[in-house]
Amino acid sequence: MADHEDVAKQSATRPQFTTAMRSSSYLSDHQQYRPPPRQPDPHQGIDTVIEDIRPASTGTSPKPYLPYNGVPSEENPPTIVESGLSHNYSHPNCAPPSGQKTDRLIATLFYKPRSTTNGASTKNVAKASATDSSESLPANLAPTVNIDAFPLEPPTQESDQLDHLYGSYISPLCITSFLHLMSTFPMPEDLESHSSHRCLDNQENPRVVELTLSPPPSPEYLSLTDLRKHEMIYRFEQEWNVDVILQRDTVWRRHPRLVVFDMDSTLITQEVIDLLAETVQDPPNLAELVAGITHRAMLGELEFEASFRERLSLLKGLPATIFEDLRSVLDITKGVPELIRALRRLGVKTAVVSGGFLPLTSWLAEQLGIDYAYANEVIIEDGKLTGEAKGVIVGKERKRDLLVEIAAKEKIDLSQTIAVGDGANDLLMIGKAGLGVAWNAKPRVQMEAGARLNGESLLDLLYLFGLTGEEIALLAA
């Protein structure tokens, strides 16, 4: 009987784990060191409901339990923590609301290298820019030719260039400065302004950046043509050493169907007629005479047709084989073969219209894979040049007409055409095309063209389509 009482005593005094001491791990329950028990959450959750856990006694009255409420309500609103982020659902790059049209302006910024090298070293190689050129503007663009009638106020000092301070690329401060500039123009009323950017070639040190502005400055205040020529845009380009190209964001910008090129100083870095003159030793100053006429014609001081006939007459007596001899001398502009290859892959037709000579122009077009080639036909008798040309001289009017003819033949609207040139005889063609591009051009052409490119590679033209450097590399491979 005593044994039974001892067993009952031992059973009654046997230590037991309380609910608060119990864990889900046998090792945790029997280890020598045990962390202090976790204080239960004062809010009643699913665990406390099931296990019926009560807060440990701390000598003070426990906080009253809040009634369980899985869904926030007015009586029990959710806890909101301010993160510092502002989330807005906007549509700057989306389709416009019903009944409205998309109105966006694309600004492509090209950083211009300080020095340009474009293959072989020639005197016509890759002219840097309008401001770097030693050429002066034609006299008729000055306010007056009489020194006594010039304005009494001195000209405004040119702005200091800032790219050497903030980086030789399109820096964030450069983009900010441009956006601030554009915000100074009057905008359409009751429309919120949005802007976005894409680094087209490199995120870290971009040379080409595309900005999308919505809406553009009010057309009632400034047309796109006037905006491109605005003094504030010009001064910004000088300050930051960039070219700014403004285009409407339309489907035609991204999908052109015809690109027409000038040849001399565009597809190649030389002037062919100057190369011909350099091969002639009699008279010894022939090259200098021809170069002088060419220079005045490109500046617009002479009508191209008259200047061409005058220069051609100086070449009388040259052997007809001279054109074959010059093939190896031609220096193709950097990026041209890749550009033509990329355009062909995109299904874009190409043409070269030259004020030079058809034998060389046709040969170059065949080598590059250009679809159309037009130039002047020279008269040859007894294997020598007569110094005369037959047919219509390919001058500025003829170049414009050829652009229209090729587009009509291919059933291409002029809004989907691009013309690229450098001289005054390209101006009518540049003005007629959907987009006219001045490539390392003379000052007058830079002022009149809708777009200016003053870089090293003509492959930069593809950036105007909205293509990235990665996409251009795939197309040109």
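The name an unreviewed UniProt entry gives the protein chain is phosphoserine phosphatase, with Stachybotrys chlorohalonatus as the organism. Looking at the Pathway (unreviewed entry) heading of the UniProt record, one finds this comment for the protein chain: "Amino-acid biosynthesis; L-serine biosynthesis; L-serine from 3-phospho-D-glycerate: step 3/3."

### As for a nonpolar patch on the surface
Residues L165, Y166 and L173 make up a contiguous nonpolar surface patch of roughly 300 Å² in combined accessible area. Topologically, L173 is positioned in helix α5 (residues 172–183).

### Looking at the sheet that holds strand β8 (residues 384–390)
The sheet built from seven strands is open, its strands ordered β8-β7-β6-β5-β9-β10-β11 with mixed pairing. Each edge of the open sheet carries a strand with a single partner, namely β8 and β11 (451–453). The sheet shows a mean angle of 25° between the axes of neighbouring strands, direction not considered. Relative to strand β9 (residues 417–421), strand β5 (residues 258–261) is paired through four bridges, and the arrangement is parallel. Bridge pairing in β9 places L258 opposite T417. In the packing of helix α12 (residues 304–313) onto the sheet, contacts are made with β6 (349–357), β7 (372–381) and β8, and the angle to β8 comes to roughly 165°.

### Description of the packing of α5 against helix α7 (residues 231–240)
As a packed pair, α5 and α7 sit with axes 11 Å apart at the nearest point and diverge in direction by 170°. On the basis of the axis angle, α5 is roughly antiparallel to α7. Judged by residue contacts, L173, C174, S177, F178, L181 and M182 of α5 engage M232, I233, F236 and W240 from α7. In terms of residue class, the contact of α5 with α7 is made up of nine nonpolar, one polar and no charged.

### A few points about the nonpolar core
F261, L315, F357, V420, V437, L461 and L462 are the most contacted members of the largest nonpolar core, which has 60 residues in total. The two domains that each donate at least three residues to this core are domain 1 (105–112 + 160–249) and domain 2 (258–271 + 319–476). Here L462 is in contact with L339, A342, L343, L467 and I472, once residues within four sequence places are set aside.

### Points about α12
Among all positions of α12, only F304, S307, F308, R311 and L312 are buried. Here the buried residues of α12 occupy an arc of 130° about the axis, which is enough to place them on one side.

### Here's the deal with the pattern of salt bridges
Enumeration according to the criterion identifies 19 salt bridges in this entry. Across the salt bridge formed by K229 and E448, the nearest N and O atoms sit 3.6 Å from each other. One end of the pair, K229, is in the loop between α6 (224–228) and α7; the other, E448, is in helix α18 (residues 443–448), and 219 residues separate them in sequence. Residue E448 is classed as partly exposed on the basis of its relative accessible area of 44%. Close ionic contact of D249 with R253 constitutes a salt bridge, the shortest N to O distance being 3.7 Å. The same class applies to D249 and to R253, which are both buried. One network of salt bridges, in which partners are shared, links R104, R198, E210, D249, R253 and R254.

Rules of the game
Residues numbered from 1 in each chain as written. Predicted model: local features only at pLDDT ≥ 70, side-chain atom pairs only at ≥ 80, totals over all residues. Heavy atoms only, no water. UniProt positions renumbered as here; feature names shortened; annotations may be inferred. Patch = residues over 30% accessible without salt bridge, like charges linked within 9 Å, V, L, I, M, F, W, Y side chains within 5 Å. Areas by Shrake-Rupley, 256 points an atom, 1.4 Å probe, with all protein chains shown as cover. Salt bridge = Lys/Arg side-chain N within 4 Å of Asp/Glu carboxyl O. Helix = DSSP H or I, 4+ residues; strand = E, 2+ residues; numbered from the N terminus. Pairing = 2+ DSSP bridges. Axes fitted to C-alpha atoms, helices over the stretch in contact; angles between N-to-C directions. Contact = heavy atoms within 4.5 Å. Parallel < 35°, antiparallel > 145°, perpendicular 65-115°, else oblique. Nonpolar A, V, L, I, M, F, W, Y, C, P; charged D, E, K, R; others polar. Core = buried A, V, L, I, M, F, W, Y, C linked by side-chain atoms within 4.5 Å. Buried < 20%, exposed > 50% of the residue type's maximum accessible area, 1.4 Å probe, protein only. Domains from an automatic or database assignment. Arc of directions from axis to C-beta.

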